[in-house]
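Structure at a glance
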Amino acid sequence: MAWFILGYSFFWYENLNDHRILLIYKKLFKLHGPQGWWPLSSIQNNYHSADYNYPKNNQQIFEICVGAILTQNTNWHNVEKAIQNLKIQNLLGPKKILKSNKKIILEMIKPSGYFNQKYKKLIYFSDEYLSWKGNIPSRSILLDIWGIGPETADSILLYAYKKRHFVIDSYTKKIFSNLQIIDKKKSYDDVQKYFEYNLPRDINIYQEYHALIVAHAKCYYSRFVAGKSCPLQSI
DNA sequence: AACCAGGACGTGA
DNA sequence: TCACGTCATGGT
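Presented here is a report on the structure given in the accompanying data block. (Residues numbered from 1 in each chain as written. Chains lettered and ligands numbered in written order. Predicted model: local features only at pLDDT ≥ 70, side-chain atom pairs only at ≥ 80, totals over all residues. Heavy atoms only, no water.)

Near DNA strand C the following residues occur: His77, Asn78, Lys81, Lys110, Pro111, Gly113, Tyr114, Phe115, Asn116, Gln117 and Arg223. Between a phosphate oxygen of DNA strand C and a side-chain N or O atom of Lys81, the distance comes to 2.6 Å. The backbone of Gln117 places a nitrogen or oxygen atom 3.2 Å from a phosphate oxygen of DNA strand C. Secondary-structure elements contributing two or more residues to the surface near DNA strand C are α4 (76-88) and α7 (115-132). Across the surface near DNA strand C, the residue classes break down as three nonpolar, five polar and three charged. (Near = heavy atom within 4 Å. Polar contact = N/O pair within 3.5 Å; in protein donor to acceptor, adjacent residues only side chain to side chain. Helix = DSSP H or I, 4+ residues; strand = E, 2+ residues; numbered from the N terminus. Nonpolar A, V, L, I, M, F, W, Y, C, P; charged D, E, K, R; others polar.)

Another aspect to go through is the protein's contact with DNA strand B. Around DNA strand B, the surrounding shell holds 27 residues, and the nearest of these are Trp38, Asn73, Gly147, Thr152 and Tyr171. Of all DNA strand B atoms lying within 4 Å of any protein atom, the proportion belonging to sugar or phosphate reaches 64%. Within the side chain of Trp146, an N or O atom sits 3.1 Å from a sugar or linking oxygen of DNA strand B. Elements with a contribution of two residues or more to the surface near DNA strand B: α7, α9 (150-160), α10 (170-178) and α12 (203-220). For the surface near DNA strand B, the residue count by class is eleven nonpolar, ten polar and six charged.

Keep in mind these numbers describe shape, not what the thing actually does.
Structure representation (C-alpha cells):
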C-alpha cells in the first residue's frame, strides 16, 4: 500500500513535464542577453554580465542579503540609494547594523520605503546571520526569520549562496499566467516546483532565468502594455 | 496626480 | 487556507 501511494506521487510529478519552460529561457536569453545578477555596488554599473563568479567575499554576500530584504515590493533604484547610504556610512555589515543607532539606520534605508518594518527585518536578519558563523543557512532557517518570506529566502540562497533554488516573483506569475502556462492561483511552492522540474540542474541558468523574467516583464508587462505584445506568445 | 515597484505579516472569516 | 489591509519612498 505504501508503495502504491509513493508510486502515485511519482506519477503526479510526471505530469509536470513541460518543454516550454526551457524553450522560453533560451528565447529570453536571446532577446535580452546575460543580465549580470545580483547587482553589487562594488562593481562598475553594478552588473557583472556573463561573469558568474560572484559574490567573491562575505561583504558581497551580506550586501545581497540586505538588498533582497530591502527590495521587497520596492523599485531596485530606491534600494540602490539605501545600500549606497549604508555603505558610505560604513554600516553595511551585520555587527555594524546591530550596534548602530536606530535613527541613523532608519535615515539610511529611508529611500527603500517601509523603513520601520525593514529596519526590524535587518536587525533580526543580522542577528541570525552572525549565529551562522559563515555557514550556509537552510531554506527553513531563513523562513523562520521574521520578515523573510519564500521569495527573499530563495533570492538569498540563489544569489548570495549559489544554492539551486528557483525564485518566483510577481513577474513570473504575471508572465506565465498570461501565456496560460501556470495558474495564477497556484502556490509559490507549486510554481517553483514546476520550474525546477523542467530545468537542467544548472545554477547559472537559475540565476539568469529569474533576472531575465524581471527584465522581460519591465519591457512587455508594464501597466500600459500588460503583456499584449509579448514576443513569447508564439511559443 | 494616481499608480506601482524584484513581498511579508497580521487579522478575520 | 485565503482574501484583504498595512507598511512608505520615489519615479513616471
